[in-house]
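Take a look at the letters that make up each chain.
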Amino acid sequence: MSDIIVALIVITFFVGLLFLEISSAMMGLFMCGIGLGFTLFHGAYGFTAHWRRHILGGDGSGFRSEIIMIGFTALLFFIILGNFNTQAEYSLTRAPIGLSLIVGSFIFGVGMQLANGCGSGVMFSLGSGSLRMIVTLIFFMIGSLLGTIILPPLLDILSFKPLILQELLGYTLGYISLLFLLGSIFWLSYIIEKKRSLLNSKHKEYTHNKQPYTPHIFGKNFFHSFSFISGPWPISFTIALIVFFSTLILLLSGFPWSVTFGITIWAGKLATLLGIDISSLPFWQWPRPAQALEKTILSDVSSTTNIGLLFGAFLAASLKRLKSSDKPITPPLKSFYAAILGGLLLGIGARLGFGCNVGAFYSGTASGSLHGFIWLIFAFLGSIVGVSARPYFNLENKV
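Residues numbered from 1 in each chain as written. Predicted model: local features only at pLDDT ≥ 70, side-chain atom pairs only at ≥ 80, totals over all residues. Heavy atoms only, no water.

### Some remarks on the packing of helix α4 (residues 61-82) against helix α15 (residues 357-366)
A pair of packed helices is characterised by two quantities: the angle between their axes and the separation of those axes. Between α4 and α15, the least distance of the axes is 7 Å, while the angle of their chain directions is 45 degrees. By the angle class used here, α4 and α15 are oblique. On the side of α4, the interface is formed by Glu66, Ile67, Met69, Ile70, Thr73, Ala74, Phe77 and Phe78, while α15 contributes Phe361, Tyr362, Ser363, Thr365 and Ala366. Taken together, the residues that form the contact of α4 with α15 break down as 9 nonpolar, 3 polar and 1 charged. (Axes fitted to C-alpha atoms, helices over the stretch in contact; angles between N-to-C directions. Helix = DSSP H or I, 4+ residues; strand = E, 2+ residues; numbered from the N terminus. Parallel < 35°, antiparallel > 145°, perpendicular 65-115°, else oblique. Contact = heavy atoms within 4.5 Å. Nonpolar A, V, L, I, M, F, W, Y, C, P; charged D, E, K, R; others polar.)

### Observations regarding the packing of aromatic side chains
Between two aromatic rings, the relevant description is the distance of the centres plus the angle of the planes. For the structure shown, the criterion picks out 20 aromatic pairs. On the basis of an interplanar angle of 45 degrees and a centroid distance of 5.6 Å, the ring pair of Trp187 and Tyr190 is categorised as tilted. One end of the pair, Trp187, and the other, Tyr190, are both in helix α9 (residues 171-200), 3 residues apart, so they sit about a helical turn from each other. A relative accessible area of 48% means that Trp187 is categorised as partly exposed. With a relative accessible area of 13%, Tyr190 lands in the buried category. (Phe/Tyr/Trp six-rings, centres within 6.5 Å; stacked < 30°, edge-to-face > 60°. Buried < 20%, exposed > 50% of the residue type's maximum accessible area, 1.4 Å probe, protein only.)

### Re the pattern of salt bridges
One pass over the full model with this rule turns up 3 salt bridges. Among the salt bridges present, the one from Arg94 reaches Glu167, with a minimum N-O distance of 2.6 Å. Here Arg94, found in the loop between α4 and β1 (97-98), pairs with Glu167, found in helix α8 (residues 165-169); they are 73 residues apart in sequence, far enough to count as distant. According to the relative accessible area criterion, Arg94 is partly exposed, its value standing at 37%. The exposure class assigned to Glu167 is partly exposed, which follows from its relative accessible area of 48%. Measuring nitrogen to oxygen at the nearest pair gives 3.7 Å for the salt bridge that ties Arg288 to Asp300. Placement of Arg288 in helix α12 (residues 287-294) and of Asp300 in the loop between α12 and α13 (301-324) is noted, with a sequence separation of 12 residues between them. (Salt bridge = Lys/Arg side-chain N within 4 Å of Asp/Glu carboxyl O.)

### Remarks on the packing of helix α1 (residues 2-22) against helix α2 (residues 24-42)
Closest axis-to-axis distance for the α1/α2 pair is 7 Å, and the angle between their directions is 155 degrees. Between α1 and α2, the angle is such that the two are roughly antiparallel. Taken as a pair, α1 and α2 cross one another with a handedness that is right-handed. Within the contact between the two elements, α1 uses Ile11, Phe14, Val15, Leu18, Phe19 and Ile22 and α2 uses Ser24, Met26, Met27, Phe30, Met31 and Ile34. (Left-handed = near helix turned anticlockwise from the far one by under 90°.)

### What about the confidence of the model for the protein chain?
Per-chain confidence: the protein chain averages 86 in pLDDT, with 85% of residues scoring 70 or above. Low pLDDT, under 50, characterises residues 202-211; the predicted model gives this stretch 10 contacts beyond four residues in sequence or across chains. (pLDDT = per-residue confidence, 0-100.)

### A closer look at the environment of Pro232
Looking at where Pro232 falls in the secondary structure, it is placed in the loop between β4 (211-212) and α10 (235-253). Taking the C-alpha atoms as reference points, Pro232 and Tyr45, separated by 187 residues in sequence, lie 9.8 Å from one another.

### Some remarks on a nonpolar patch on the surface
Residues Leu131, Ile134, Ile138, Ile142, Leu146, Ile149 and Ile150 make up a contiguous nonpolar surface patch of roughly 560 Å² in combined accessible area. You can see Ile149 is positioned in helix α7 (residues 132-157). Take Ile149: its relative accessible area is 48%, and that puts it in the partly exposed class. (Patch = residues over 30% accessible without salt bridge, like charges linked within 9 Å, V, L, I, M, F, W, Y side chains within 5 Å. Areas by Shrake-Rupley, 256 points an atom, 1.4 Å probe, with all protein chains shown as cover.)

Pasting the structure below:
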């Protein structure tokens, strides 16, 4: 009960502070973060685990739910962006295509499997009581700072302008093309799963309850009855809420949902407090980073949403523990080494790859930017390497 009281007091404090000192829109973004933290926790919705299951040859429905989620989000984004002056009111998630994107997304893919979480995964796991994620976040911030140093020169080596489907083809044809690409990925995922399930059914480590896994297009848990407080929520309800909150973030801020830029801002602010002058570095002279470095962390969209996400997950975990008596589990000591390495790779990869599974893959693809698809390819390849390395750190690989 004390955890719930603390969570409600802190949330109320931030709501009042943001409303009185920043803006009602920023207060709304904080509440979106609360909703996302609550949703990710009770939906147990983690990009990292979805990808790992698919790589190991098990249930790929979680990955395919991400494709469905992007399709619906893109529809709303395209409607919003197609009916307003995008230059004046709303900004797409876009990024140049080149060496930085390829290297960054691959590094991030490795890091997310070692850290056991991507950007959003680190946030909601930390909020729900994971001690390991404290270590991950610290080194995520350190890696982010390193990434801000590496990114500008890497962009000079090989980089091409962003490619946006609706700018190339128009909104209607652009969305149809986006659906075709997403549908192709969705179907390829299912075909691969079916073929691998036949092969893996002969091996005990790839079975559920000693029975071969049977592929499902949408997964067995796409629809089921659930408790709002204790969960677990079905994937259908979870992705519907993620689509809702991410669209609301776009409407309130003018920017699609992102996570890792906020972490980079925290790292920059902490470095400045420690007396390290980073303002002269090229990255921190770019308009948005320079502005964010000058202002409070509550003035940045990604930072404020992240804080809300942390406390939303904390509130959700507190309510669940009140009902089920669940307690946070402390992982084996050796896995903290993976948290350190994984955190560094997450930070560096996020900056070089222009985001994480949320900012680059989800929001980027939903914005119609082709860099989101390239990010997916190389992050998935990196995840394969990361999954292979997990046993060296006593991290389980379960389907």
